[in-house]
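Observations on the model geometry
Listed here are the chains, written in short residue letters.
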Amino acid sequence: MRPILLAAVASILLAACATDQQSAGPAYVVVEENASIDDRRDIRRTSVLEDDVLLIETRPGGYYRVELIGPCVSITDVMTPVQIEETGIGIDRSTRFRVGGRTCFVRSVSRVER
């Protein structure tokens, strides 16, 4: 009876760990720190990745992780429009984002891969 109980507990724990990893979303690996996007017209999508972190998807399939000086953006802002304030043609550390009614300043920009 005890081996069956141990096996059941082990399988429940493994399932819980797998669920936590799946719900965390895709992992991104930094391939270039202090990166920039040369032309903001290449941006396809901007989304909130986590608190004070945006994910920018560019053409053709590039990803950039933008860390903001917080507190500015919360994961609960996922449906809030993210706008880029006029600071030039590209995206770098001098860029400002507007999320809801808040102006957010950039701490860092990194190019990432899935």
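How each quantity is defined
Residues numbered from 1 in each chain as written. Predicted model: local features only at pLDDT ≥ 70, side-chain atom pairs only at ≥ 80, totals over all residues. Heavy atoms only, no water. pLDDT = per-residue confidence, 0-100. Helix = DSSP H or I, 4+ residues; strand = E, 2+ residues; numbered from the N terminus. Contact = heavy atoms within 4.5 Å. Core = buried A, V, L, I, M, F, W, Y, C linked by side-chain atoms within 4.5 Å. Buried < 20%, exposed > 50% of the residue type's maximum accessible area, 1.4 Å probe, protein only. Salt bridge = Lys/Arg side-chain N within 4 Å of Asp/Glu carboxyl O. Disulfide = S-S within 2.5 Å. Pairing = 2+ DSSP bridges.

Observations regarding the confidence of the model for the chain
Here the chain averages 79 in pLDDT, while 77% of its residues score no lower than 70. The least confident element of the chain, judged by mean pLDDT, is helix α1 (residues 2-23) at 45; the most confident is strand β4 (residues 62-68) at 94. The low-confidence segment residues 1-23 (pLDDT under 50) makes zero contacts with residues lying over four places distant or belonging to another chain.

Focus: the nonpolar core
Residues Ile 56, Val 66, Leu 68, Val 73, Phe 97 and Cys 104 are the most contacted members of the largest nonpolar core, which totals 17 residues. Elements with a contribution of two residues or more to this core: β2 (43-50), β3 (53-58), β4, β6 (96-99) and β7 (102-113). In this structure, Val 66 is in contact with Asp 52, Val 53, Leu 54, Ile 56, Phe 97, Val 106, Ser 108 and Val 109, ignoring residues within four places of it in sequence.

Describing the pattern of salt bridges
Should the charged atoms of two oppositely charged side chains come close, the side chains can pair. The final tally for this structure, using the stated rule, is 10 salt bridges. For Glu 32, the salt bridge identified is with Arg 111, shortest N-O distance 3.2 Å. Of this pair, Glu 32 sits in strand β1 (residues 29-32) while Arg 111 is found in strand β7, placing the two residues 79 residues apart along the sequence. Given the relative accessible area of 34%, Glu 32 is considered partly exposed. Residue classification places Arg 111 among the partly exposed positions, given a relative accessible area of 29%. Of the charged contacts, one joins Arg 44 and Glu 57 as a salt bridge, the two residues approaching to 3.3 Å between their closest N and O atoms. Of the two residues, Arg 44 sits in strand β2 while Glu 57 sits in strand β3, which places them 13 residues apart along the sequence.

Some details on the state of the cysteines
Think of a disulfide as a covalent bridge from one cysteine sulfur atom to another cysteine sulfur atom. Within the structure shown, the criterion is met by one disulfide. There is a disulfide in this structure between Cys 72 and Cys 104, and the S-S distance comes to 1.7 Å. The sign of the S-S torsion, about -70 degrees, decides the handedness of the disulfide formed by Cys 72 and Cys 104: left-handed. Taken as a pair, Cys 72 in the loop between β4 and β5 (82-84) and Cys 104 in strand β7 lie far apart in primary sequence, 32 residues in all. We classify Cys 104 as buried; its relative accessible area is 0%.

Regarding the pairing of β4
Judged from the six bridges that link them, β3 and β4 form a sheet pairing that is antiparallel. By the bridge assignment for β4, Leu 54 is matched with Val 66. Hairpin connection from β3 to β4: three residues lie between these consecutive antiparallel strands, with Gly 61 at a positive phi of about 80 degrees. Here six bridges tie β4 to β7, and the two strands are oriented antiparallel to one another. Paired with Tyr 64 across the strands is Arg 111, a residue of β7.

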